Structures are given as structure tokens and as C-alpha cells.
Amino acid sequence: MSRFPKGFYWGGATAANQCEGAWNVDGRGPALTDVTTGGTVNTPRMVTYQMPDGSFGKYAQWGGKKPEGAKFACDPNELYPNHDGIDFYHHYKEDIALFAEMGFKMYRLSVSWSRLFPKGIEDEPLKEGVEFYRNVFLELKKYNIEPLVTISHYDTPLYLVEELGDWSNRDLIKYFDHFTDVLFEEYKGLVKYWLTFNEINCLMMFSMFMPKDAPGAKESARVGLQQLHHQFLASALTVKKAKSFDPNYKVGCMLAGMASYPLTCDPDDVILNMTKMQEGFWYCGDVMVHGEYPYYAKRMWADFGAEVKMEPGDEQILKEGKVEFFTFSYYQTGVTTTHKTDEEVGGNLSRGAKNPYLKYSDWGWSTDPQGLRYFLNEIYARYRIPLMVVENGLGAFDKVEEDGSIHDDYRIDYLRQHVDAMADAIADGVDLQAYTTWGCIDLVSAGTGEMRKRYGFIYVDKHDDGTGTMARSRKDSFFWYKKVIASNGDDIA
Ligand code: BGP
């Protein structure tokens, strides 16, 4: 008896803005990622702008803001890693052939909104954009690889962000609705699985990392909660209409799987951890799966001093747009405490206390495979709909040997433990249907903008200084994953 069900979707995942490149090709409009520089584990990515007098300035990606009168712009003296990505736009055939060689059953990718609608507000989509994704889907079909399409993955058209106020503006629902109409119409029969927003709970992520009394924390929560309300509506409307386009369409949600543990058994730690998990994770899942705001929402809003503006009919939309399956990313777990600790985790996207039982990566992310089994159980107990792990992996430095080989046993080791954890969760009774590892081909890191933080089975010769031939090559993990897939998860040696 295999540990994984027949038809389990093994595969990999990427996002348009991190791999496509071709940022201004064929009419594509910019996204915020196109005015964001590279960073490192200790130095933030910077967002650049131009002042009316022509001078350039920049602010840190998280927490910063551009000055009055400034416009987002590319500074000729800066490097923008997302501009070229790994040029998937021109390499997709080669890349998909490599995915097929590994035996992928599923490939999670995102569509770039501004490749279809450069500003996000146009009536008609760009033909080139529509055709590009059609060709990608056709290529996948050729190899029997099921696409899992993220509709919005961190790349709202810059125009919507800068001129219309981003998701704080309720009008974005209307533009998103039009965008998804076009997707649903164009890709009938080519796509079955859709996800509305990548890591939608990231809008509440600060609350996982920041104490409520940190400067700006409550204000950022208030903005995030309102933006979330608009995204929940946009997502629910997408779910609601999907089957009228194609009865085979299934729409799911996607959350950042930031599970956290209380550091001690002090009840204060346990309660703090409970509220953090509600604010940072369950809140979004509860709305999208149950179709209504959870029982603790009012307390949460009051804690942040937030007033979420709603219109008559909104509750009904949420009710009618419950997702059919639940997906999440899983890299690590965090730790919460009310006590002073000496050991803090410093890495990007992983602040908080250190877990003494876990090892940490070069980017400060913990490795916690058992946490995945635990979390899969927690999520399934709450929602009882099919689950997919749609991001997981180890961002690490890779060394290319003289003969071109790459011995990434650390990556194999990380993934192997997580495959085991999923098998255990399935044995527990969890309905898990897919596993798409993150960055199955090396790509630009979302958090740091680095290339050297690599996740792939496929190495891409592209470097942080912008150099590289973009040549693709197979790492040891490539052959390992191929074996895992061929044996449906039984042979992980
Ligand atoms: C998730 C994002 C991805 C991805 C991944 C790894 O949060 O959905 O876009 O990049 O994290 O993070 P990073 O690239 O910062 O290593």
C-alpha cells in the first residue's frame, strides 16, 4: 500500500513576477516588484521613486513609504532582479520539458495581471499576454501536467497601487472581477484549479511578527483588515462565478502557513499564541472556507481599533463564495512568548523567539517537518475540505562543481523529511491532494530579491549582480525528486 493516494499531485511552484522576466515586453505594465531592488538577509529590498525635480529616492520594502509628490520609478543606478527573473517568458518550453522529465503531475504558476491589463483598468486584455499563458497551458497539457493557477501573486499592477490606492480602494474588486472573467473565459478546458490570492494572510503578517504596541503596528493592521475585506469579496465573487464558465473549475484559497508554538506552557504564552494564530492565519481561512467572519473577529477588530467598512450584501457574497479546497505554503514554524528571551531569530520574515529544538537556515528560517504534520491536522480538523501544500522548500546557497554538477543533499534532506511528514498526516486521515515544492526551478527570492537563495531542482545560471547565461542544469535533487514521483512518494532514499 502506497503512503500517498493514487493520483496525488506531485509538482513544483513558481510565481510570474519572480521567474518570467520580460517585465516590459509585449506591452506588459509594471508591478511594484519592478521598482523593487535586491536585498539580502540583513538588508531590506528597497522601493525606488522619483521626485518632481528628477532626483531618485528609495524606502525599505516593509514599513517604508514614498514622500508626497514622488512617483514610483526605476533608478538607472539600481538593479531590479524581477525585470529579468529567470526569463521563463522565453524559456517556458525548455523549463516545462524539464518538469516533465521529473514526472511532474502539477505545476503551480501565477498569471501576471499587468501582462494582460497593463494598468489593470483596461476593458480589453493584451492579445500577447493572453496567448502567452495559453501557450504555457498547452505546453503543460502536452505532458499531462495539471496547472494550478494563482490569479494574484504579489504583483498587482503598479497603476492600481499608485493611482487608485491599492486594495484599500473598493474599486479594485471590479477590476479583479473583470480580470478573472477574462481568465475564466479564455482558459476553459486548459485549467481546472485556480487560487485567488497568494498568501492572502500576508496583509496581517505584521501581527505575527510585531507586538501590538510597536510603532505603526495598529495602523498597518487597520489598513490590512480593510484591504482584506475587499480581497475576500473579490475572491468570493471569483468562486461564485467559476462554475458558470466551466463546471470543472475549482477555486481554492492560499495562505502563508505560519504556524507558531507558545515558547512555554505559561498560559499567557498559550493565549498570546492563540490570538496570533487567529489574527495571522485562521481569520483569513475562516472567512474563505466558512463564508463568514469568525466569532472572534469583533474582538480582533477592537484590539486593533479597526472599523472594517462593509456594504449591504457583502455578507451574502462571502456566504456564496466558499472555497472548495485549501492550500498553503509551509517553510517553517515560529515561536511566541510573553517572556524576555535572549535568543531571537533575525532572518527576513522570521522574527521572534528561537525554538531550541530546531535548526535554522542561512536565512534564519527554521526546519520543522513535524510542524507540517501538526499543521495539516490542525487545518483539516477545522475545515474538512481537501488540502494542498503548494509551497515548501529550502532556500540555500548552491555550489556548482567543476564538472557542472550540484550536490544539494541539504535540500534533499529537507524535502525528504517533509514528504515523510505529509505521509504521516495522510495516515492520520488528512485529505491531502497535492505537493508543489517552491521554486522548483531557481528564481528571484520574494523576500530578499536574491538569486543566491536557491530552492530549485533546476539550477539557473543567473546571479545577484545581474550576470549569468540563464542556462538551466539539473541538481542532484532533480534526480531524487524524479524517483520520489515515480514511486508515488515511497522511494525517498
Ligand atoms: C512565499 C511566497 C513566494 C516565495 C516564498 C519563499 O512567501 O509566496 O513568492 O518567494 O515565500 O520566500 P523567499 O523568496 O523570500 O525565500
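Definitions and limits used
- Residue indices follow the written sequence of each chain, beginning from 1 at its first position.
- Confidence filtering applies because this is a predicted model: local features only for residues at pLDDT of at least 70, side-chain atom pairs given and counted only at 80 or more, and all residues used for totals across whole chains, interfaces and linings.
- Note: side-chain values were computed over all heavy atoms of the structure, leaving out hydrogens and water.
- Each helix is a run of H or I in the DSSP string that is no shorter than four residues. Each strand is a run of E no shorter than two, and both are numbered from the N terminus.
- Throughout this description, buried means an accessible area under 20% of the type-specific maximum (1.4 Å probe, protein chains only), exposed means over 50%, and partly exposed covers the range between.
- Residue contacts are counted whenever heavy atoms from the two residues lie within 4.5 Å of one another.
- Throughout the structure description, domain borders are defined by an automatic or database domain assignment.
- The buried area of a pairing is the accessible area, by a 1.4 Å probe, that goes missing from both parts when the two are put together, added over both.
- Salt bridges are defined as contacts in which a side-chain nitrogen from Lys or Arg sits within 4 Å of a carboxyl oxygen from Asp or Glu.
- Here a polar contact is taken to be a pair of N or O atoms separated by no more than 3.5 Å, where protein atoms must pair a possible hydrogen donor with a possible acceptor and residues adjacent in sequence count only if both atoms sit in side chains.
- By nonpolar core is meant a set of buried Ala, Val, Leu, Ile, Met, Phe, Trp, Tyr and Cys residues that side-chain atoms within 4.5 Å join together.
- Any residue with at least one heavy atom within 4 Å of a molecule or strand is counted as near it.
- Residue exposure ignores everything except the shown protein chains as possible cover, and the areas themselves are Shrake-Rupley values with a 1.4 Å probe.
- Here the term charged refers only to Asp, Glu, Lys and Arg, the term nonpolar to Ala, Val, Leu, Ile, Met, Phe, Trp, Tyr, Cys and Pro, and the term polar to all other amino acids, Gly among them.
- Expected helix span is given by 1.5 Å per residue-to-residue step, counting one fewer step than there are residues.
- Relevant arc is that of directions from the helix axis to the C-beta atoms, nothing else.
- For two strands to count as paired, DSSP must find a minimum of two bridges between them.
- Lines fitted to the C-alpha atoms define the axes, with helices restricted to the stretch that makes contact. Angles between their N-to-C directions range from 0 to 180 degrees.
- Each angle is binned into one of four classes, with values under 35 degrees roughly parallel, values over 145 roughly antiparallel, values of 65 to 115 roughly perpendicular, and all other values oblique.

Trainee: Go over the environment of Gly-120, please, and point to the residues and values.
Mentor: As for its placement among the helices and strands, Gly-120 is situated in the loop between α4 (113–116) and α5 (127–142). By relative accessible area, Gly-120 is classed as buried at 2%. When near neighbours in sequence (up to four residues on either side) are disregarded, Gly-120 contacts Trp-113, Pro-157, Leu-160 and Tyr-175.

Trainee: Summarise the domain arrangement of the protein chain; cite the residues concerned and give the values.
Mentor: Per the domain assignment, the segments making up the protein chain are domain 1 (9–34 + 81–486) and domain 2 (39–78). Here the C-alpha centroids of domain 1 and domain 2 sit 25 Å apart. The interface is formed by 22 residues belonging to domain 1 together with twelve residues belonging to domain 2. Summed over both partners, the interface of domain 1 with domain 2 buries about 1,200 Å², with 55% contributed by carbon and sulfur atoms. Inspection of the domain 1/domain 2 interface yields two salt bridges. Residue Lys-71 is joined to Glu-163 by a salt bridge in which the shortest nitrogen-to-oxygen separation is 2.9 Å. Where domain 1 meets domain 2, there are seven residue pairs in polar contact (both at pLDDT 80 or more).

Trainee: Got a sec to walk through the nonpolar core? Specific residues and values, please.
Mentor: Residues Tyr-283 and Phe-326 are the most contacted members of the largest nonpolar core, which totals 130 residues. Residue contacts for Tyr-283: discarding those within four places in its chain leaves Leu-225, Leu-228, Phe-232, Gln-278, Tyr-293, Pro-294, Tyr-296, Ala-297, Met-300 and Trp-301.

Trainee: Run through the site of the ligand, naming residues and quoting values.
Mentor: In the vicinity of the ligand, 14 residues are found, and the nearest of them are Gln-18, Glu-199, Ala-446, Lys-453 and Tyr-455. Taking Tyr-455, its side chain carries an N or O atom lying 2.5 Å from an oxygen atom of the ligand. When the ligand sits alone it has 380 Å² of accessible area, and the protein chains cover 97% of it. Taken together, the residues of the shell around the ligand break down into six nonpolar, five polar and three charged.

Trainee: Hey, could you go over helix α13 (residues 369–383) for me, with residue numbers and the actual values?
Mentor: The end-to-end C-alpha distance of α13, which contains 15 residues, comes to 21 Å, matching closely the 21 Å that a straight helix rising 1.5 Å per residue would cover. Taken residue by residue, α13 has Pro-369, Gly-371, Leu-372, Phe-375, Leu-376, Ile-379, Tyr-380 and Tyr-383 as its buried positions. Along the axis of α13, the buried positions cluster into a sector of 155°, meaning they face one direction only. Opposite the packed face of α13, turned more than 90 degrees from it, sit the exposed residues Gln-370 and Ala-381. Positive phi appears at Arg-384, one or two residues downstream of α13, with a value of about 55°.

Trainee: Break down the sheet that holds strand β5 (residues 106–110) for me, with residues and values.
Mentor: Here we have eight strands rolled up into a closed barrel, ordered β1-β5-β6-β7-β8-β10-β16-β17, and parallel in their pairing. Neighbour-to-neighbour, the strand axes of this sheet turn through a mean angle of 25°, independent of strand direction. Where strand β1 (residues 9–13) and β5 come together, three bridges link them in parallel fashion. Along β5, the bridge assignment pairs Gly-11 with Met-106. Across the sheet, α5 touches β5 and β6 (146–152), and the angle it forms with β5 is around 170°.

Trainee: Describe the pattern of salt bridges, naming the residues involved and giving the relevant values.
Mentor: Note on pairing: side chains with opposite charge can pair once their charged atoms come close. Tallying each qualifying case throughout the model produces 36 salt bridges. Among the salt bridges present, the one from Arg-115 reaches Glu-20, with a minimum N-O distance of 2.7 Å. Here Arg-115, found in helix α4, pairs with Glu-20, found in the loop between α1 (16–19) and β2 (46–50); they are 95 residues apart in sequence, far enough to count as distant. Residue Arg-134 is joined to Glu-131 by a salt bridge in which the shortest nitrogen-to-oxygen separation is 3.3 Å. Within this pair, Arg-134 and its partner Glu-131 are both found in helix α5, separated by three residues, close to a single helical turn. Exposure remark for Glu-131: the relative accessible area of 36% places this residue in the partly exposed category.

Trainee: Tell me about the packing of helix α3 (residues 88–102) against α5, residues and numbers included.
Mentor: Packing of α3 against α5 brings their axes to within 10 Å, and their N-to-C directions diverge by 10°. As the angle between them shows, α3 and α5 are arranged roughly parallel. Contacts from Phe-88, Tyr-89, Tyr-92, Lys-93 and Ile-96 of α3 reach α5 at Phe-132, Asn-135, Val-136, Glu-139 and Leu-140. In the contact of α3 with α5, the residues fall into seven nonpolar, one polar and two charged.

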